[in-house]
Amino acid sequence: MPGAVRVPRDSQPRIVFERMGTAVTNVLAYLDPGSGSLLVQGLVAGVASAVVTGKVYWRRAKRFMGFGRDESADE
Amino acid sequence: MSAPDGGSFRDPDGRIFQIGGEIVRALSEAGASDWSAFEESGLLARLVESGDVVETTTASAAELEAVRSADPGGGWVTALRHERLPFVSYPYEWTFSMLKDAALLQLRVTRQALAAGLALKDATPYNVQWRGAHPVFIDVGSFERARPGEPWLGYRQFCMLFLYPLLLESYRGIPFQPWLRGSLEGIHPAEARSLLRGRDTFRGGVFKHVALHAKLERSHADGAKDVRKELRDAGFAKELIEANLKGLQKLVAGLEPDGGPTEWSDYMATCSYSDEDTRAKEEFVRAAVLRRPRSLVWDLGANDGRYSRIAAEGSEYTIALDVDHGVVDPMYRALAQEGAGTILPLVGDIADPSPGLGWRGRERLPLAQRGEPDLVLALALVHHLMISRTIPQRELVDWLAELGGELVVEFPDRDDVMVKRMLARKREGSHPDYTRSAFEQSLRARFEIVSSVELPSGTRALYHASPLP
């Protein structure tokens, strides 16, 4: 799974994508989808989904160790 | 009546009203925008055409005005009019195969929405109703524009209200109806995990959708992390939702109800009717049904639905209710296969009927408030209620009269084989008032007896009665 994390973090397209992403998440669902229930969807759909969840956990681990970007910078 | 429907408040972007006998859905600005996307995608037309989604048209200006005056602060900008389905029922009244077919409908509709660039806000069986034995998705307000990188928001609800109840009954033989009646939210992942343990972990769907789901829910219970954003940033794409939906479709399609025959499932084969009795009974019921056009018939204690089918010959819609899901489920499957659209099979206990549930007890209505029958069939029923369930005779007749319709009721005497068997389980001399003459007396207090017949075997009588004004 570590092989799956080579994403150019600070490239221009990514910044554009994240801005769009921030805009769309302002629309919240009336139903609480449950954080664990969202994350499990990154595991239940086979190999491709496990890669996605692997990335989530890898990034969390890096942030925990002080290598990742500060999350608040995206807000 | 134009007050908002008590069960439609959860999504703030839409609300159901009854305006002049029509079912009208009011939409907020955001709701109207999603509705436009749904309509323009062409998916609505396809789903209505296939019968999967309730017929929907734009309401008149007068109807929108009526909604606004009924709910001035609602901020409603658009209104839709829906086809009125004959009878509202709830998942805790459905059989295993009904919940399974409703789940497959939910998954099918969700997949089609995904392919059309749309998403569904939720995944609840309360968005499914029936045209006879055909499930129909009723909540067009569920459709919204898909947001890139977003997981399926209804997944948790799908598990809690569709998947876990089905797994529980299929793998453990535990009927889901009492669980769903006990909690409108359904069965939580942690609860499902407590129920499906040990070797169940290795049965289809349990490891992923129950064990892992419960584990991750527990570890994210504080809700501190923005998991949506994390998943989006990690490249979550709609293909993953599609793969999950496809897997769930396969899983659900393969689930079967657990268990062998139940108390009544071989009743027709072992019951005490001779062929002559059956013929005479059918003739009597048919004559009563066809006496005048019927809009809604309730067949209480319907068993395999033999008399519901006779009722359907002369009524627009028939509810076939029985306490035993073991007989209602095969009835449903037979009706679904035949394509029957006017008989709705339901599981329910007359001695403990569905109450008002949810917020203010008005979200889900009691059975008796969901439509007044103009004819009630109570065949091979009263002895069970009076002897096994000890319902007092007079109260039973009062309740039948309060339903408001005509009545066809069967009374088996004390020397009937079934009654003898029931009385044998009781203390000697119990139920001394269980006699045909006492029953007739109670019946005459509330009804006028239109006709009656004694079945050829001489131990059962049938009455067609009309309620006294």
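Rules behind the numbers
- Residues numbered from 1 in each chain as written.
- Chains lettered and ligands numbered in written order.
- Predicted model: local features only at pLDDT ≥ 70, side-chain atom pairs only at ≥ 80, totals over all residues.
- Heavy atoms only, no water.
- Helix = DSSP H or I, 4+ residues; strand = E, 2+ residues; numbered from the N terminus.
- Rg over C-alpha atoms; globule rule 2.2 N^0.38 Å.
- Buried < 20%, exposed > 50% of the residue type's maximum accessible area, 1.4 Å probe, protein only.
- Contact = heavy atoms within 4.5 Å.
- Areas by Shrake-Rupley, 256 points an atom, 1.4 Å probe, with all protein chains shown as cover.
- Lys, Arg positive; Asp, Glu negative; His and termini not counted.
- Charge placed at Lys NZ, Arg CZ, Asp CG, Glu CD.
- Salt bridge = Lys/Arg side-chain N within 4 Å of Asp/Glu carboxyl O.
- Phe/Tyr/Trp six-rings, centres within 6.5 Å; stacked < 30°, edge-to-face > 60°.
- Domains from an automatic or database assignment.
- Buried area = accessible area lost by both parts, 1.4 Å probe.
- Polar contact = N/O pair within 3.5 Å; in protein donor to acceptor, adjacent residues only side chain to side chain.
- Pairing = 2+ DSSP bridges.
- 1 Å grid on protein atoms, 1.4 Å probe; cavity = no way out; pocket = protein on both sides within 12 Å on 5 of 7 lines; lining within 4 Å.
- Points joined across faces, edges and corners; volume = space filled by probe spheres on them.
- Nonpolar A, V, L, I, M, F, W, Y, C, P; charged D, E, K, R; others polar.
- Patch = residues over 30% accessible without salt bridge, like charges linked within 9 Å, V, L, I, M, F, W, Y side chains within 5 Å.

Participant: What is the right way to read the overall build of chain B from this model?
Facilitator: Along the backbone of chain B there are 18 helices and 15 strands. For 469 residues, the compact-globule estimate of 2.2 N^0.38 gives 23 Å, and the C-alpha radius of gyration of chain B, at 25 Å, lies within 12% of that figure. For the C-alpha atoms alone, the extent of chain B along its principal axes is close to 75 × 60 × 40 Å. The burial tally for chain B puts 55% of its 469 residues in the buried class. A sequence separation of at least 24 residues applies to 73% of the contacts in chain B between residues at least 6 apart. With the model as given, the accessible surface of chain B reaches about 19,400 Å², and the carbon-plus-sulfur share is 51%. The positive charge centre, built from 56 side chains, and the negative charge centre, built from 67, are 5 Å apart in chain B.

Participant: Quick question: what am I supposed to make of the pattern of salt bridges here?
Facilitator: Residue and element names in this part refer to chain B. Enumeration according to the criterion identifies 38 salt bridges over all chains in this entry. Among the ionic pairs, R25 bridges to D139, the shortest N-O distance being 2.8 Å. Highlighted residues: R25 in strand β2 (residues 22-27) and D139 in the loop between β7 (134-137) and β8 (143-145), separated in sequence by 114 residues. Accessibility expressed as a relative area gives 11% for D139, which makes it buried. A salt bridge links K100 to E256, with the nearest nitrogen and oxygen atoms 3.6 Å apart. Of this pair, K100 sits in helix α4 (residues 96-115) while E256 sits in the loop between α10 (238-253) and α11 (267-270), placing them 156 residues apart in sequence.

Participant: Looking at this structure, I do not really get the packing of aromatic side chains. What am I missing?
Facilitator: Within a pair of aromatic rings, the relevant descriptors are the distance that separates the centres and the angle that separates the planes. Residue and element names in this part refer to chain B. Summed over all chains, the structure comprises 15 aromatic pairs over all chains. Each ring, one from F439 and one from Y463, has its centre 6.1 Å from the other, and the planes form 55°; the classification is tilted. In this pair, F439 is assigned in helix α18 (residues 436-446) and Y463 in strand β15 (residues 460-467), connecting sequence segments 24 residues apart. Take Y463: its relative accessible area is 2%, and that puts it in the buried class.

Participant: I would appreciate a short explanation of the environment of G341(B) in the present structure.
Facilitator: All names here are of chain B. Mapped onto the fold, G341 is located in the loop between α14 (325-338) and β11 (343-347). A relative accessible area of 33% means that G341 is categorised as partly exposed. Here G341 is in contact with R131, G132, H134 and Y317, once residues within four sequence places are set aside.

Participant: Could you clarify how one ought to interpret the side chain of E93(B) in this entry?
Facilitator: Within the fold, E93(B) resides in the loop between β4 (78-82) and α4. A relative accessible area of 1% means that E93(B) is categorised as buried.

Participant: Which parts of the structure should I look at to understand the environment of I23(B)?
Facilitator: All names here are of chain B. Mapped onto the elements of the fold, I23 is located in strand β2. For the pair formed by I23 and R306, sequence separation is 283 residues and the distance between their alpha carbons is 33 Å. Sequence-distant contacts of I23, that is, excluding residues within four places in its chain, are made with I16, F17, Q18, L80, R81, H82 and R84.

Participant: Can you help me understand the domain arrangement of chain B in this one?
Facilitator: Accessible area lost upon the coming together of the parts serves often as the stated size of an interface. Residues and elements named next belong to chain B. Parsing chain B into structural domains produces domain 1 (1-84), domain 2 (87-259) and domain 3 (267-467). Computed from C-alpha coordinates alone, the two centres of domain 2 and domain 3 are separated by 35 Å. Taken together, the contacts link 25 residues of domain 2 with 32 residues of domain 3. Regarding the contact of domain 2 and domain 3, the summed buried area is about 2,300 Å², with carbon and sulfur atoms giving 60% of it. Counting every contact that joins domain 2 to domain 3 gives two salt bridges. The closest approach of N and O atoms between R181 and D352, which form a salt bridge, is 2.8 Å.

Participant: So what exactly am I meant to see when it comes to the interface of chain B and chain A here?
Facilitator: Tallying the contact residues gives 35 residues for chain B and 37 residues for chain A. Note on chain B versus chain A: buried area summed over both sides is about 3,400 Å², and carbon and sulfur give 64% of it. Of all residues in chain B, R228(B), R232(B) and A234(B) bury the most surface against chain A, accounting for 16% of the area lost on that side. Joining chain B to chain A, the criterion identifies two salt bridges. Taken together, chain B and chain A are joined by eight residue pairs in polar contact (both at pLDDT 80 or more).

Participant: Any chance you could explain the pairing of β15(B) here in plain terms?
Facilitator: Side-chain positions along a regular strand alternate between the two faces of the sheet. All names here are of chain B. Summarising burial for β15: seven of the eight residues are buried, a large majority. In the sheet, strand β13 (residues 406-412) pairs with β15 via six bridges, with the strands oriented antiparallel. Bridging across to β15, V409 finds its partner in Y463. Here strand β14 (residues 447-454) pairs with β15 via seven bridges, running antiparallel. Bridge pairing links E448 to S466 in β15. Counting the residues between successive antiparallel strands, the hairpin from β14 to β15 contains five residues, one of them, G458, with a positive phi of roughly 85°.

Participant: So what exactly am I meant to see when it comes to empty space enclosed by the protein here?
Facilitator: If you roll a probe as big as a water molecule over the atoms, it shows you where there is empty space left. Residue and element names in this part refer to chain B. Per the stated rule, a full pass over the model turns up one cavity of 30 Å³ or more. The volume enclosed by the largest cavity comes to roughly 60 Å³. Every residue lining the largest cavity is listed: D11, D13, L27, G31, D34, W35, L80, K121, V140, G141 and F143. Its residues assigned to classes, the lining of the largest cavity shows five nonpolar, two polar and four charged.

Participant: It is not clear to me how the environment of E448(B) should be interpreted in this structure. Could you clarify?
Facilitator: Residue and element names in this part refer to chain B. Considering the arrangement of structural elements, one finds E448 in strand β14. In this structure, the C-alpha to C-alpha distance between E448 and H464, residues 16 residues apart in sequence, is 8.7 Å. Residues within four places of E448 in sequence aside, it is in contact with H464, A465, S466 and L468.

Participant: Where do I start with a nonpolar patch on the surface in this structure?
Facilitator: Residue and element names in this part refer to chain A. A contiguous nonpolar patch, built from F64, M65 and F67 and spanning about 440 Å² of accessible area, is present on the exposed surface. The topology assignment puts F64 in helix α3 (residues 47-64). Judged by relative accessible area, which is 77%, F64 ranks as exposed.

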